[in-house]
Amino acid sequence: PAKAGGFFAQKNQHINSRKTKRKELKKMNNNNYKWETVGNAKFYTDGTTCTDIEVMDNAKTVSVIYPKFKIDRETCQKVFSSVENLIIERNVLSIIIPNKMFPNVKKVESESSNFIDGKYLIERTGMRLRNAFGQNENAVIDFTQFNRIENYAFKGWKAKNAVGLTKTRFLNVHGDAAFDGSGFLDQPFIGGIKCLGPFIIDIDETVNEIVLPEKIRYCVPKRPQKCIRVSDIDTLSKIRKLPQKVIIEDDKMYSDDALLYKLCSHDIEEIESHISRYKTIDGIVYSADMKTLILCPRGKTGEVRIPDGVVRIRKHAFSHTKIKKVIFPDTLQMIGDEAFYGCAELKEIDFGHGITRIGENGNQSMFSGCAFKKITFPPQIKEIGMRAFSLCYELEEVIFNEGLEVIQKEAFQNCPNLLEINLPASIKKVGTDAFVYNGSYSHIPDMNINITTIPENLGLAITHPGNTYGVRCVNVHIDNRNGIFDFVLPCSVSVIVGARTNIIINQMADCKYAKKLSGLRYLETAYMNASNSMYKYAVAYKTYKKVKNKCAKEFLLDNQKHVAKAIILEMEEKDFADFVKLDFINLKYDEDIVKCLEERNWNVALAYMLEEGKNSSNDTFVI
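None of the values given here were measured: they were computed from a predicted structure. Note that residues are indexed from 1 along each chain, following the sequence as it is written. Note on the predicted model: pLDDT of at least 70 is required for a residue's local features to be given, and 80 or more for side-chain atom pairs to be given and counted; whole-chain, interface and lining totals, by contrast, use all residues. Only hydrogens and water are removed before side-chain values are computed, so all heavy atoms of the structure are retained for them.

Some thoughts on the pairing of strand 37 (residues 447-451)
Heads up, the condition is: Each residue gets one of three labels from its accessible area relative to the maximum for its type: buried under 20%, exposed over 50%, partly exposed in between, using a 1.4 Å probe on protein chains only. Runs of H or I in DSSP of at least four residues are treated as helices and runs of E of at least two as strands, each being numbered from the N terminus. Should DSSP find at least two bridges between two strands, the strands are regarded as paired.
Of all 5 residues in strand 37, 5 are buried; the element is thus mostly enclosed. With burial as the criterion, each face of strand 37 is covered, one bearing M447, I449 and I451 and the other bearing N448 and N450. Where strand 35 (residues 420-422) and strand 37 come together, 3 bridges link them in parallel fashion. Bridging across to strand 37, E420 finds its partner in N448. For strand 37 and strand 39 (residues 473-480), the ladder comprises 5 bridges, and the chain directions are parallel. Bridge pairing in strand 39 links N450 to H477.

Below, the structure written as structure tokens:
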């Protein structure tokens, strides 16, 4: 807290300092401004930018001559009713003026390439309407003359009539205040909204429900609403801020995908259907026969209990929702692609007693990116599909019950906290990269795989071809009729080595082959096949610590300095101390190693190294 307080104090001090500098700069710049008279007007300018204006003698024409006009809309309250013509000289680059300043301008003449001639002030780039001016109550504005409306362009506009609204294919409204202060807003709310042709220009924030008409092209206000009733679901894409609840009355809907893509906003918490195609329960959309769950709104929170009778959860149905728990009915048979993808708050799941395959018919990524810490699979689950639980970064524990037969490709890929895997005896096959983590291995503990039978493809499920960042390993423990086997595999190996490792592990299921020394010797020295040299030395050390085999001991003895450097670069200080303390290690004082230890500030490890230096045969010892 003290540090945080100091940080914010420094930040505020920095902000105040910048504000002070801006004020000083503005004051200094203002000293360069002065009033200049040109024709029937006076301009407050520094010769380039004009920030104020005075019109004299009720002049009807004003010439804009300076490159930049920037007159503040809020502070400037001046009105020059006599001006009817605005002339823009050749060198003018930009004009920002209050719309109410010249309420009776009827003609704009421009010699500048940045603006066009006409009744309104229109910037040529993007055909932006900067000012419609005041006009009179009987005036009619032609919306085909511009493609974009800037904020406050109609402020003070008295007329309520418009033409060309249905012909403006490319009209864009910039910001929420385009129609502020205009006569277009002098109309009653109908269904909670005010429209100007196909544009919603105002929303009544006091009503509980608004009704969207068909063929709406754009909604200017960006305000949250409690409920919107729609007769054409396509109009929802025009609303800039979707409501908590949507009532669907669109009988023309023929596609579930349309429902999914139109209602994929995090703002929506509840959906209600008034059409025969769907039923809605607790804000969730189901098919009319209640056999398919089609869509849960993304804003949905808390626990969801899916009713009995539901057989299928459609693809993306719960994707990116805020639910925390889901309970499946015993009738459920299928979960679609990415059905629960990215549910960042989903921590608990009850599979029920019905579903037997998670990922049937090639469906994948059903629960990728969820927030599970623990998953328990019931005994009826026979198969876990492709990428079903990948990217579950918080997942720490998985309980596989007897009955599970297949774990598909990448099913638990990139779950860095899943460190203990106990596979049941019923398992027959695991897919490639099923338990592999492809990210940085720095400071991620090793994984332990415990099995009583050897499933097909185990080697490729726990190792990955290619280079790595870190020294993560997989500790494999096999306890079956062929005996007890413990070996350590590097997570990253070459493609050829990975395939060979997989073959040897698979062959260990054969009792006769398991007793062959050549195959076991290969697995005992798996560290030799690590993807790079530093990784190899570190894995060799881990192998000896885990299984204490003779080959690893001899390798450490012959490569003491290389192993020490690998530990310093890739592991922790305690690992270095434990390595030096091994009774067969006699690591001599080495300046390179001491330098590496100093760079990492490993004082305890450095003490061990210096102690080795004292005990060396050198005549001179220097610290």
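Let's talk about helix 11 (residues 591-599)
Inclusion rule: What the arc describes is the spread of directions from the helix axis to the C-beta atoms. Polar contacts, as counted here, are pairs of nitrogen or oxygen atoms within 3.5 Å of one another; within protein the pair requires one atom able to donate a hydrogen and one able to accept it, and residues that are adjacent in sequence qualify only if both atoms are side-chain atoms.
All of the buried residues along helix 11 are I593, V594, C596 and L597. The arc that holds every buried residue of helix 11, seen down its axis, measures 160 degrees, which confines them to one face. Away from its buried face, by an angle of more than 90 degrees, helix 11 presents the exposed residues E591, K595 and E599. Of the residues flanking the start of helix 11, the one acting as N-cap is D590, its side-chain oxygen 2.9 Å from the backbone nitrogen of D592. Trailing helix 11 by a residue or two, N601 shows a phi angle of about 60 degrees, which is positive.

What to know about the pattern of salt bridges
Where we set the bar: When a carboxyl oxygen of Asp or Glu is within 4 Å of a side-chain nitrogen of Lys or Arg, the pair counts as a salt bridge.
For the structure shown, the criterion picks out 32 salt bridges. One salt bridge in this structure joins K262 and D234, with 3.3 Å as the shortest N-O distance. In this pair, K262 is assigned in helix 2 (residues 256-262) and D234 in the loop between strand 19 (227-230) and strand 20 (245-248), connecting sequence segments 28 residues apart. Residue classification places K262 among the partly exposed residues on the basis of a relative accessible area of 28%. Given a relative accessible area of 40%, D234 falls into the partly exposed group.

Describing the sheet that holds strand 30 (residues 357-358)
Reading across the sheet, the 4 strands line up as 30-32-34-36 and stay open at both edges, with parallel pairing between neighbours. Lying at the two open borders of the sheet, with one neighbouring strand each, are strand 30 and strand 36 (429-430). Two strands pair when backbone bridges link them, and strand 34 (residues 406-407) and strand 36 are joined in this way by 2 bridges, in the parallel orientation. For I407, the partnering residue across the bridge sits in strand 36 and is V430.

Focus on the side chain of D446
Definition in use: Should any heavy atoms of two residues lie within 4.5 Å, those residues are counted as being in contact.
Take D446: it is sitting in the loop between strand 36 and strand 37. Its relative accessible area of 17% is what places D446 among the buried residues. Looking at D446, its side chain comes within polar contact range of the main-chain nitrogen of C473, at 3.0 Å. Of note is the side chain of D446, whose polar atom sits 2.8 Å from the side chain of K542. When neighbours within four sequence positions are excluded, D446 is seen to be in contact with L419, V471, R472, C473, N475 and K542.

Points about the packing of helix 9 (residues 560-570) against helix 11
For clarity, the threshold we go by: Axis angles are defined between N-to-C directions and span 0 to 180 degrees, where every axis is a line fitted to C-alpha atoms and, for a helix, only to the segment in contact. An angle below 35 degrees is read as roughly parallel, one above 145 as roughly antiparallel, one from 65 to 115 as roughly perpendicular, and any other as oblique. Under the grouping applied here, Gly and all other residues not named as nonpolar or charged are polar, the nonpolar ones being Ala, Val, Leu, Ile, Met, Phe, Trp, Tyr, Cys and Pro and the charged ones Asp, Glu, Lys and Arg.
Two elements in contact, helix 9 and helix 11, have axes whose closest approach is 10 Å; the angle formed by their N-to-C orientations is 10 degrees. On the basis of the axis angle, helix 9 is roughly parallel to helix 11. Here K561, A564, K565 and I568 of helix 9 come into contact with helix 11, specifically with D592, I593, C596 and L597. Among the residues forming the contact of helix 9 with helix 11, the class breakdown is 5 nonpolar, no polar and 3 charged.

Some points on the sheet that holds strand 19
Spatially, 17-19-20-21 is the arrangement adopted by the 4 strands of the open sheet, whose pairing is parallel. Each edge of the open sheet carries a strand with a single partner, namely strand 17 (210-212) and strand 21 (270-273). In this sheet, neighbouring strand axes are inclined to one another by 20 degrees on average, regardless of whether the strands run parallel or antiparallel. Two elements, strand 20 and strand 21, share 4 bridges in a ladder whose sense is parallel. Along strand 21, the bridge assignment pairs V246 with I271.

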